[in-house]
Amino acid sequence: MLSNIGIPGLIMIIILALIIFGPKKLPELGRAAGQTLREFKNSTAGLIEEVKENPSETNKSEKETKSI
């Protein structure tokens, strides 16, 4: 879906974002989006580590949900 945008589309999106949010607010929005992605990445990494440490517990919960 995003592969169809291309360079002209990205330039248009950046120009629209500058017009809508202004040059002062745009860095704050980018920073907030970066922090959100970083938190998401850290939480998913934590979940993956938890599953790797206790694979037997995840198998039990899968069996329980399948039987319901």
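Residues numbered from 1 in each chain as written. Predicted model: local features only at pLDDT ≥ 70, side-chain atom pairs only at ≥ 80, totals over all residues. Heavy atoms only, no water.

Asker: Before we move on, can you summarise the overall build of the protein chain with the specific residues and values?
Answerer: When its secondary structure is counted, the protein chain shows two helices and zero strands. Here the protein chain, with 68 residues, has 3% of them falling under the buried criterion. Of the roughly 6400 Å² of accessible surface on the protein chain, a fraction of 65% belongs to carbon and sulfur atoms. (Helix = DSSP H or I, 4+ residues; strand = E, 2+ residues; numbered from the N terminus. Buried < 20%, exposed > 50% of the residue type's maximum accessible area, 1.4 Å probe, protein only. Areas by Shrake-Rupley, 256 points an atom, 1.4 Å probe, with all protein chains shown as cover.)

Asker: Give me a nonpolar patch on the surface: which residues, what numbers.
Answerer: Taken together, the side chains of Ile5, Ile7, Leu10, Ile11, Met12, Ile13, Ile15, Leu16, Ile19, Ile20, Phe21 and Leu29 present a nonpolar region at the surface, about 1200 Å² in accessible area. With respect to the element layout, Ile19 can be found in helix H1 (residues 6-53). (Patch = residues over 30% accessible without salt bridge, like charges linked within 9 Å, V, L, I, M, F, W, Y side chains within 5 Å. Salt bridge = Lys/Arg side-chain N within 4 Å of Asp/Glu carboxyl O.)

Asker: Just give me the short version of the pattern of salt bridges, but keep the residues and values in it.
Answerer: On inspection of all chains with the given rule, the structure shows one salt bridge. Taking the shortest distance from any N to any O, the salt bridge between Lys25 and Glu28 comes out at 3.5 Å. Placement of both Lys25 and Glu28 in helix H1 is noted, with a separation of three residues, approximately one turn of the helix. Judged by its relative accessible area of 41%, Glu28 falls in the partly exposed class.

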